[in-house]
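Here is how the chains run, residue by residue.
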Amino acid sequence: MASLTSRRRLASILAVVVVADVVAVVLASSAHAALLSVVMITIALGGAAAATTPGLRAAHPVTWRATLCAALVAATLWLTFFLPATTNFNLATGASMSIVLLGLSFLTGASGQISLGNGAFMGVGAFAVAIWANHHSSTPIIVTLLIATACGAIVGLLLGLPATRLRGPYLAGMTLAFAVAFTAILGSFNSWTGGDSGLQLPVALTPPRWIVDLFHSGTEILTTNSMWLADISILVTGVAFFFMANLFASRTGRAMRLIRDNDVAAELVGISLPRMRVLAFTISSAYAALGGGVYALINNAVSPSTFTFPLSVTILSLIVIGGIGTIPGALIGGIIYAYSANVISWITNNSGLNPQGNLASQLNGIIFGALLIVTMLFAPLGISGSVHRMWRSRREHRRG
Amino acid sequence: MDPFLTSRFVTDLLGGLTNGVEYGLVALSLVLIWRSTGILNFAQGAMPMFATYIGMGLLSYHVGYWPCVAISIAAGFAIGGVTERVLVRPLYGKPEINPIVVMVGYLIVLEGVAAAIWSTTPRSLPIPFSPIEWQLGGKPIALSPFDVYVIVTGVIVMTAITILFQFTKLGLQLRASALAPEVSRLLGVRVGRMLTLGWMISTAVGTVTAVLVASNFFTGLTPQVMDSIFAFGFIAAAIGGLDSPVGALVMGIVLGIVLQFVTDYLNSNSVIIVALVMLIASLMIRPSGIFTRNASRRV
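Enquirer: Help me understand the overall build of chain A, please; the structure alone is not making it clear to me.
Expert: Regarding its fold elements, chain A presents 18 helices and 2 strands. For 400 residues, the compact-globule estimate of 2.2 N^0.38 gives 21 Å, and chain A sits close to it at 22 Å. For chain A, the spread of C-alpha atoms along the three principal axes comes to 60 × 60 × 50 Å. Counting only residues that meet the buried cut, chain A has 46% of its 400 residues in that class. Sequence-distant contacts in chain A: of pairs separated by 6 or more residues, those separated by 24 or more amount to 76%.

Set out below in structure tokens:
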């Protein structure tokens with residue numbers, strides 16, 4: 001790109017966008033679908049082009065992050081129009097999980113702490129959505145999700161206030177106790193949480209009329225429904241990532257990273273350690289609750305048996321494998337989560353294990369636990385961090 | 001004859017004491033490792049569980065209860081030593097979240113492997129002592145021969161640990177390598193070996209607890225049997241102060257008794273909530289723990 005002048009670059013981008021749009025229009029089944037495809041492709045390619053413009057990242061970081069997020073979201077949304085129902089459902093699940101992972105990644109990357117209770121915080125958000133929806137079914141989704149996020153933040157603040165003031169493993173231990181206790185806590189509010197069977201959402205999330213009309217009249221309702229679920233999750237995920245990327249780079253984010261690297265130095269330059277630690281934990285809990293809320297919307301039901309301690313460990317494994325403390329790590333972890341069930345059942349089917357046997361039922365936990373240990377011992381940066389380091393050392397090598 | 005011994009108060013007190021001894025032992029084993037290596041071992045429930053499965057698995061081969069207990073404890077020593085050498089050794093001097101993450105992974109692997117080998121169905125062990133409570137004037141006292149077994153075992157383990165650490169040369173070396181590893185090394189203490197030994201002792205103490213818990217008629221042995229006991233043990237250790245073995249024991253027993261009253265007067269769901277609230281309150285009021293001397297942080 002460096003050899004092209006900016007005018008030639010602009011012209012070639014325009015050409016690519018126009019060609020892609022024309023192809024989409026020719027292939028589209030109806031006028032509406034063609035219009036939608038054109039909009040999505042233009043945003044995706046235009047955003048990608050804008051995001052790769054030299055100098056934009058340094059000069060206008062917020063704009064750069066916004067265009068990058070918009071481009072990624074538009075590209076994924078466009079993809080969901082063509083994907084089969086199961087893939088879309090996996091995509092939606094992975095997107096909701098990546099929001100949770102982003103919160104945990106931020107907590108560790110920014111303040112060097114760790115939470116073992118993110119599964120329970122997910123449960124807080126999921127039950128907040130379910131309870132609210134059962135009492136006020138007409139509330140818009142966005143408001144319900146904001147309520148869930150606020151609930152997560154409040155619970156996080158309550159737990160974090162005492163534990164984050166201390167150095168050491170107090171936060172980890174306390175969040176572990178919270179994760180173990182969560183089922184019992186739900187059980188003490190049986191009249192609200194619906195007991196062991198959990199709660200059903202009163203109305204399933206269905207796409208508005210005009211979305212359904214875009215497709216062939218013959219398209220199954222299931223396909224459009226799961227596509228709509230994926231679209232909602234991806235939109236929420238995009239917004240969540242945009243805010244988090246800005247937070248990582250902000251003054252607060254920089255202060256938190258200084259605490260992680262050298263807390264004594266941070267105190268000396270006037271950063272309030274306890275306040276920053278509590279803030280980081282509260283934000284991470286709020287993100288976990290938001291992810292849990294989206295999870296509740298996707299599954300249309302919540303049950304206490306989902307949000308047990310093993311879920312918290314799975315969350316921890318995913319972000320450690322993806323790359324703890326990084327933003328792309330959360331995306332990688334979310335994708336792994338979306339397909340982990342398929343991969344594990346593939347292993348079970350192709351290794352001659354008895355699918356009803358003891359080993360097959362424990363395979364998920366054993367694999368995630370072993371990956372957690374191996375990653376932490378041999379590549380503590382995870383996929384994203386290791387790739388980034390490799391890429392950087394190669395670039396430095398090339399420069400000489 | 002004496003209505004006081006069968007009153008609700010004494011019943012709760014005695015019932016809580018048995019649980020409390022178990023919490024206290026887990027808390028003690030956590031503190032032993034924390035003091036020597038600065039790691040909070042999240043697999044401190046799972047490692048003893050695994051050792052107990054290894055030892056008690058021999059019951060199906062017509063080995064008696066007591067030999068099985070001895071083999072479990074030996075397995076505990078072995079697992080503790082191997083874990084320290086293989087998993088923990090590479091983690092010294094790393095950021096504090098690394099050992100936490102590795103030990104949580106280890107916990108899940110151990111529980112998964114145990115469930116894969118021995119299934120998740122609770123396995124009931126032969127009871128060495130009757131769990132039927134003694135009667136006094138037609139009313140039960142909340143104390144059975146089994147409860148006495150638990151309490152006496154707890155006292156024996158605590159005494160043994162105290163004697164080991166306070167009155168033997170080995171105990172002195174163990175304490176020295178925890179407090180000042182560099183100086184100890186200069187004076188000829190094999191610090192590396194002492195750390196391994198510390199993990200072995202701690203896991204063995206945990207295994208005694210796991211055997212006691214699993215021998216209980218009402219729980220039996222399951223892969224997850226130590227999860228909630230670990231949570232209570234951690235809470236006890238954190239309230240008492242992670243540096244203080246005495247604090248861990250005392251707070252374990254206090255926690256057991258308080259929670260028994262909670263079970264009796266409220267319900268069993270509230271137990272862990274009350275325990276969490278106690279932890280939050282104690283960390284707010286006295287963050288370093290009730291029983292620790294106030295230590296200032298080195299910069």
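Enquirer: What's the story with the overall build of chain B in this structure? I'm lost.
Expert: Helix and strand counts for chain B come out as 11 helices and 2 strands. For chain B, the N- to C-terminal ordering of α and β elements is α-α-α-α-β-β-α-α-α-α-α-α-α. Whereas a compact globule of 299 residues would reach a radius of gyration of roughly 19 Å, chain B reaches 19 Å, a difference of no more than 12%. Of all 299 residues assigned to chain B, the portion counted as buried reaches 48%. Taking contacts inside chain B between residues at least 6 apart in sequence as the whole, the part at least 24 apart equals 72%.

Enquirer: Help me understand the domain arrangement of chain A in this model?
Expert: A common way to express how large an interface is: the accessible area buried when the components associate. Residues and elements named next belong to chain A. Here the domain parsing of chain A yields domain 1 (1-82) and domain 2 (86-399). If you average the C-alpha positions of domain 1 and of domain 2, the two centres end up 29 Å apart. Contacts between the two partners involve 16 residues from domain 1 and, on the opposite side, 16 residues from domain 2. Broken down by secondary-structure element, the contributors of at least two residues to the side of domain 1 that touches domain 2 are α2 (31-51) and α4 (61-80).

Enquirer: Can you walk me through the packing of helix α6 (residues 169-179) of chain B against helix α8 (residues 191-215) of chain B in this structure?
Expert: For any two helices packed against each other, the geometry is given by the interaxial angle and the distance between the axes. Residue and element names in this part refer to chain B. Where α6 contacts α8, the two axes come as close as 9 Å, and the packing angle between them is 105°. Regarding the angle of α6 to α8, the classification is roughly perpendicular. Facing Q173, L174 and S177 of α6, the residues of α8 in contact are V191, M194, L195, L197 and G198.

Enquirer: What am I meant to see in the packing of helix α16 (residues 327-350) of chain A against helix α17 (residues 358-378) of chain A here?
Expert: Residues and elements named next belong to chain A. Closest axis-to-axis distance for the α16/α17 pair is 10 Å, and the angle between their directions is 130°. Here α17 runs oblique to α16, going by the angle between their axes. At the point where α16 passes α17, the crossing takes the right-handed sense. Side by side, α16 and α17 meet where I344, I347 and T348 of the first sit next to A360, L363, N364 and I367 of the second. Along the lines of polarity and charge, the residues of the contact of α16 with α17 split into 5 nonpolar, 2 polar and no charged.

Enquirer: What is the right way to read the interface of chain A and chain B from this model?
Expert: Listed per partner, the contact involves 41 residues of chain A and 37 residues of chain B. Ranked by the residues each element gives to the side of chain A that touches chain B, the list is headed by helix α8 (residues 170-188) of chain A, at 13 residues. A breakdown of the residues in the side of chain A that touches chain B according to their chemical character gives 31 nonpolar, 9 polar and 1 charged.

Enquirer: Just checking my understanding: could you explain the nonpolar core for this structure?
Expert: Buried together is how nonpolar side chains tend to be arranged in soluble globular proteins. Within the largest apolar cluster, 204 residues are counted, with the highest numbers of intra-cluster contacts made by A177 of chain A together with A27, V104 and I235 of chain B. Both domain 1 (1-82) and domain 2 (86-399) of chain A contribute no fewer than three residues apiece to this core. Setting aside residues no more than four positions away along its own chain, I235 of chain B makes contact with A177 of chain A together with L255, A275 and L279 of chain B.

Enquirer: Explain unusual backbone geometry here, please?
Expert: Working note: non-glycine residues mostly have negative phi, and peptide bonds are mostly trans. Even without a glycine there, the phi angle at N300 of chain A is positive, about 65°. With respect to the helices, strands and loops of the structure, N300 of chain A is situated in the loop between α14 (273-299) and β2 (301-302). Using a count of 16 C-beta atoms within 10 Å as the deciding quantity, one classes N300 of chain A as partly exposed. Positive phi, close to 65°, is recorded for S119 of chain B, a residue that is not glycine. Position of S119 of chain B relative to the elements: it lies in the loop between α4 (97-118) and β1 (135-136).

Enquirer: What am I meant to see in the environment of F241 of chain A here?
Expert: All names here are of chain A. Assignment of secondary structure puts F241 in helix α11 (residues 221-249). Sequence separation of F241 and F82 is 159 residues, and the distance between their C-alpha atoms is 24 Å. Excluding its chain neighbours within four sequence positions, the residues that come into contact with F241 are C69, L102 and I327.

Enquirer: Is there a simple way to explain the environment of V26 of chain B in this structure?
Expert: Residue and element names in this part refer to chain B. Mapped onto the fold, V26 is located in helix α1 (residues 8-37). In this structure, the C-alpha to C-alpha distance between V26 and A210, residues 184 residues apart in sequence, is 8.9 Å. Once residues within four sequence positions are removed from consideration, V26 is found in contact with Q44, G206, T209, I229, F230 and G233.

Enquirer: Would you take a moment to explain the environment of S384 of chain A for this structure?
Expert: All names here are of chain A. Structurally, S384 is set in helix α18 (residues 382-399). Overall, S384 belongs to the buried group, with 23 C-beta atoms counted inside 10 Å. For the pair formed by S384 and I332, sequence separation is 52 residues and the distance between their alpha carbons is 7.8 Å.

Enquirer: Looking at this structure, how should I read α8 of chain B?
Expert: Since the α-helix packs 3.6 residues into each turn, any two residues three or four apart lie on the same face. A rise of 1.5 Å per residue sets the reference length of α8 of chain B, with its 25 residues, at 36 Å; its end C-alpha atoms lie 36 Å apart and thus fit the reference within 8%. Counting buried positions along α8 of chain B yields 20 of 25 residues, so the element is predominantly enclosed.

Enquirer: Please clarify how the confidence of the model for chain A should be interpreted in this entry.
Expert: When pLDDT is low, close inspection of the predicted coordinates is not appropriate. On average, residues of chain A score 85 in pLDDT, and 94% of them are at 70 or above. Averaged pLDDT values over the elements of chain A bottom out at 68 in helix α10 (residues 209-214) of chain A and peak at 93 in helix α6 (residues 118-135) of chain A.

Enquirer: In this structure, what is going on with α4 of chain A? I would like to understand it.
Expert: With 20 residues, α4 of chain A should cover 28 Å at 1.5 Å per step; its first-to-last C-alpha distance of 29 Å lies within 8% of that length. When we look at burial in α4 of chain A, the residues that qualify are R65, T67, L68, C69, A71, V73, A74, T76, L77 and T80 of chain A.

Enquirer: What is the right way to read the confidence of the model for chain B from this model?
Expert: Mean pLDDT over chain B works out to 87, with 97% of the residues at or above the 70 mark. Overall fold confidence for the complex sits at a pTM of 0.88, while the interface term, ipTM, reaches 0.86.

About the thresholds
Residues numbered from 1 in each chain as written. Chains lettered and ligands numbered in written order. Predicted model: local features only at pLDDT ≥ 70, side-chain atom pairs only at ≥ 80, totals over all residues. Helix = DSSP H or I, 4+ residues; strand = E, 2+ residues; numbered from the N terminus. Rg over C-alpha atoms; globule rule 2.2 N^0.38 Å. Buried ≥ 20, exposed ≤ 12 C-beta atoms within 10 Å, placed from the backbone. Contact = placed C-beta atoms within 7 Å. Domains from an automatic or database assignment. Axes fitted to C-alpha atoms, helices over the stretch in contact; angles between N-to-C directions. Parallel < 35°, antiparallel > 145°, perpendicular 65-115°, else oblique. Left-handed = near helix turned anticlockwise from the far one by under 90°. Nonpolar A, V, L, I, M, F, W, Y, C, P; charged D, E, K, R; others polar. Core = buried A, V, L, I, M, F, W, Y, C linked by C-beta atoms within 7 Å. Expected span 1.5 Å × (residues − 1). pLDDT = per-residue confidence, 0-100.

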